[in-house]
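# Results of the structural survey
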Amino acid sequence: MIKISPSILSADFMRLGAEIKAAEAAGADVLHIDIMDGHFVPNITIGPGVVESIKKISAIPLDVHLMISDPDKYAEDFIKAGSDYLTVHVEAATHLHRTVQVIKNAGIKAGVSLNPATPVCSLDCILSDIDLVLVMSVNPGFGGQSFIPSALSKIRAIKTAIKEKGSNAIIEVDGGVKPANAREVAEAGADMLVMGSAFFSVEDYGVLMKDLRKKLEGLG
Ligand code: DX5
Ligand code: ZN
């Protein structure tokens, strides 16, 4: 089954706990949490303290996406905060292999993310070590942007590379994913779809999840 990971970036932060509970009740598989530092990306969100609070109330795994400079330095804080998946950007990590090992040794899933202009070959020496590749289908920093179509061929190329290397990594796709393109993205090879604005802008998350499950039927 293709996993759906609502991004709380587009949730109502005044009612964050209730929003998370509603996403869970609707059947969300994991919860995507975007960490931005105003340096690696031109926006600022939250830190490990908020992730720790979310962990206390969340019944589904936390999918933490670090869009920060020097993730090597902060990975341990986000592990301690309760991440179940922790993803760092290949463009931001100086010691990517070491950081991936730190994450894996903590017993959680290690992810590596690629910006839209970062080539698939940048994964060559890390693909066998990771649990997840996060393909950015927008330039990171903001919710509500349009899906960049070239991400589809990139997803296909990563799927092929995963098979060639015998890696167990799954592919997560983040940015501009909505009910209208979810099937196309999953058919290209995505195993997990992040959905921010398209998820939290609807009135009934349950209706949306039902629609998505139907659209994604037979895949994954
Ligand atoms: C963008 C973030 C995304 C964002 C996606 O930098 O990494 O997770 O929340 O939002 P939508 O689904 O609205 O493109
Ligand atoms: Zn994200």
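A few points on the structure.

Conventions used here
Residues numbered from 1 in each chain as written. Chains lettered and ligands numbered in written order. Predicted model: local features only at pLDDT ≥ 70, side-chain atom pairs only at ≥ 80, totals over all residues. Heavy atoms only, no water. Axes fitted to C-alpha atoms, helices over the stretch in contact; angles between N-to-C directions. Helix = DSSP H or I, 4+ residues; strand = E, 2+ residues; numbered from the N terminus. Parallel < 35°, antiparallel > 145°, perpendicular 65-115°, else oblique. Contact = heavy atoms within 4.5 Å. Nonpolar A, V, L, I, M, F, W, Y, C, P; charged D, E, K, R; others polar. Pairing = 2+ DSSP bridges. Near = heavy atom within 4 Å. Polar contact = N/O pair within 3.5 Å; in protein donor to acceptor, adjacent residues only side chain to side chain. Areas by Shrake-Rupley, 256 points an atom, 1.4 Å probe, with all protein chains shown as cover. Buried < 20%, exposed > 50% of the residue type's maximum accessible area, 1.4 Å probe, protein only. Disulfide = S-S within 2.5 Å. Core = buried A, V, L, I, M, F, W, Y, C linked by side-chain atoms within 4.5 Å. Donors = N, O, S within 2.8 Å, 3.2 Å for Na, K, Ca; no water. Tetrahedral: all angles 85-135°; square planar, octahedral: opposite > 155°, others 65-115°.

## Concerning the packing of helix H5 (residues 151–165) against helix H6 (residues 179–188)
Direction vectors running N to C along H5 and H6 enclose 30 degrees, while the axes themselves pass 8 Å from each other. Classified by the interaxial angle, the pair formed by H5 and H6 is roughly parallel. Where H5 abuts H6, its residues Leu152, Ile155 and Arg156 lie against Glu184, Val185 and Ala188. Classifying every residue of the contact of H5 with H6 gives four nonpolar, no polar and two charged.

## Thoughts on the sheet that holds strand E7 (residues 170–174)
Across the sheet, which stays open at both edges, the eight strands sit in the order E1-E8-E7-E6-E5-E4-E3-E2 with parallel pairing between neighbours. The open sheet terminates on both sides in strands that have one partner only, identified here as strand E1 (3–6) and strand E2 (31–36). Across this sheet, the average inter-strand angle for adjacent strands is 25 degrees, counted without regard to direction. Pairing geometry for strand E4 (residues 85–89) and strand E5 (residues 109–114), over five bridges, is parallel. Looking at E5, one finds that tyrosine 85 is bridged to lysine 109.

## What about the site of ligand 1?
Taken together, 20 residues lie near ligand 1, and Ser7, Gly141, Gly144, Asp174 and Ser197 sit nearest. Here an oxygen atom of ligand 1 and a side-chain polar atom of aspartate 34 are 2.8 Å apart. Within the complex, the protein chains bury 100% of what would otherwise be the 380 Å² of accessible surface of ligand 1. Looking at the shell around ligand 1, the elements that each hand over two or more residues are E2, strand E3 (62–67) and strand E8 (192–195). For the shell around ligand 1, the element with the highest residue contribution is E2, accounting for three residues.

## Here's the deal with the pairing of E8
Residues Met192 and Val194 line one face of E8 and the alternating positions Leu193 and Met195 line the opposite face, and both faces are buried. Pairing between E1 and E8: four bridges, direction parallel. By the bridge assignment, serine 5 is partnered in E8 with valine 194. As judged from the two bridges shared by E7 and E8, these two strands associate in the parallel manner.

## Side note on the state of the cysteines
When the sulfur atoms of two cysteines share a covalent bond, that bond is a disulfide. The final tally for this structure, using the stated rule, is zero disulfides. Left unpaired, cysteine 121 is separated from the closest cysteine sulfur, that of cysteine 125, by 9.5 Å. For cysteine 125, a relative accessible area of 73% translates into the label exposed.

## Side note on the nonpolar core
Nonpolar side chains tend toward joint burial in soluble globular proteins. Grouped together as the largest cluster of nonpolar side chains are 68 residues, with contacts concentrated most on Ile8, Ile33, Ile35, Val64, Leu86, Val173 and Leu193. One finds Val30, Tyr85, Leu132 and Leu134 within the second-largest nonpolar core, a separate group that totals seven residues.

## Things to note about the side chain of histidine 89
Residue position: histidine 89 is located in strand E4. By relative accessible area, which is 0% here, histidine 89 ends up buried.

## Regarding the side chain of serine 58
Tracing the backbone through its elements, the reader meets serine 58 in the loop between helix H2 (48–57) and E3. Within polar-contact distance, the side chain of serine 58 engages the side chain of glutamate 24 at 3.1 Å. Setting aside chain neighbours within four positions, we find serine 58 in contact with Ile20, Lys21, Glu24 and Leu31.

## Quick word on the coordination of the zinc ion (ligand 2)
Coordination sphere of the zinc ion (ligand 2), protein contribution only: His32 (NE2), Asp34 (OD), His65 (ND1) and Asp174 (OD), at 2.1 to 2.3 Å. One way to put it: the six donor atoms around the zinc ion (ligand 2) meet at angles of 70 to 168 degrees, and that makes the site octahedral. Written as a sequence motif, the donor arrangement for the zinc ion (ligand 2) is H-x1-D-x30-H-x108-D. In this pair, histidine 32 sits in strand E2 while aspartate 174 sits in strand E7, placing the two residues 142 residues apart along the sequence. The exposure class assigned to aspartate 174 is buried, which follows from its relative accessible area of 9%.

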